[in-house]
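Coordinate inspection notes
So you can see what is in the structure, the chains are spelled out below.
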Amino acid sequence: GDALQFVRYIPMVLARGPRVLLECHHGLVRLFAGIPGLAGVFPHASPLPDFDLHIPMMSLPGVFNTTLDAVPASVPYLHADSEAENNWRSLLGGRSRSLRVGFTWSGMQHLKALRNRACPLESLMPLFTVPGAEFFSLQKSITSLESAALERLEGVQDLSGLLNDFADTAAAVRCLDVVVSVDTAVAHLAGALGSATWVLLPFDADWRWLQSRDDSPWYPTMRLFRQHAPGAWDEVVRRLCDSLSAHISIYQSSRP
């Protein structure tokens, strides 16, 4: 998520004239390889060519004197592969009047710091009863119980077996109308692609989401749904369902 958010600064680095090598998580290599001007993209812990200077991407906002009013927020700054996107459109089939909604409910559960951001799958169940929508799970790490729960839901497809890296996920996201996600990498990816992205935030949300606002200066196509009390996901999901119903009405009224 950090890399997906702050890779937006790479064009600003390139504009200063250096030859730039980018090191990142292996699941991001194919996606970041599409950024114009990079001299190479390397997975973490792989051998690197010689270089003169190194800087973490999360330090770049400070180097460029970023303020709240000067966040580089032009989207999309990441792009899906066009051939992969076309393959996904064929896979998902022809369009109907139903809104296509992607969703995730947790990040990497082995990381203790991320557990409070997770929304239990059972808390999301009211979402799948909203009429006029098709749902697609973008959750990569999934338990057998969660997989079984998804299989029982009508109008819900589990895409986890087809998502090998974030390039695959990016192409899938581009074929959807809305992405609903907790605070995890998929939310940053969808925002970077300029897709409509609705993020479910815990009461003690991460610093990057600021406070007391339902939008984000980092992602102009993003909407935030915050807990009003610790652990209170049910109330967040009720607001989410109401918003989705209204969005579907607008979507369907605009279609022939």
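The shown structure was predicted, so the numbers you read here are calculated from the model rather than taken from an experiment.

Ordered by their spatial adjacency, 6 strands build an open sheet running β5-β4-β3-β6-β7-β8, and the pairing between neighbours is parallel. Strands at the two margins of the open sheet, each flanked by one partner only, are β5 (156-158) and β8 (222-226). Averaged over all neighbouring strand pairs, the angle between strand axes comes to 20°, with direction disregarded. Across 3 bridges, the pairing between strand β4 (residues 133-137) and β5 is parallel. Note that in β5 the partner of Phe136 across the bridge is Gln157.

Glancing now at the environment of Arg16. Mapped onto the elements of the fold, Arg16 is located in the loop between α2 (10-14) and β1 (21-24). Excluding residues within four positions of it along the chain, Arg16 makes contact with Val63 and Phe64.

When you line up the elements, Cys241 lands in helix α9 (residues 233-253). Assessed through its relative accessible area of 10%, Cys241 is described here as buried. What Cys241 contacts, discounting residues up to four positions off in sequence, is Pro126, Leu127 and Val130.

Here the focus is unusual backbone geometry. The linkage connecting Val75 with the following residue, Pro76, adopts the cis geometry, with an omega of 0°. Among the secondary structure elements, Pro76 is positioned in the loop between α4 (60-63) and α5 (82-92). In this model, Leu210 sits at a positive phi of 55°, which is unusual for a non-glycine residue. Mapped onto the elements of the fold, Leu210 is located in the loop between β7 (197-201) and β8. Taking the relative accessible area as the measure of exposure, Leu210 reaches 30% and is therefore partly exposed. In this structure, Ser212 takes a positive phi of about 55° despite not being glycine. Tracing the backbone shows Ser212 in the loop between β7 and β8.

Parameters and conventions
Residues numbered from 1 in each chain as written. Predicted model: local features only at pLDDT ≥ 70, side-chain atom pairs only at ≥ 80, totals over all residues. Heavy atoms only, no water. Pairing = 2+ DSSP bridges. Helix = DSSP H or I, 4+ residues; strand = E, 2+ residues; numbered from the N terminus. Axes fitted to C-alpha atoms, helices over the stretch in contact; angles between N-to-C directions. Contact = heavy atoms within 4.5 Å. Buried < 20%, exposed > 50% of the residue type's maximum accessible area, 1.4 Å probe, protein only.

Remember, this is a structural readout, not a statement about activity or role.
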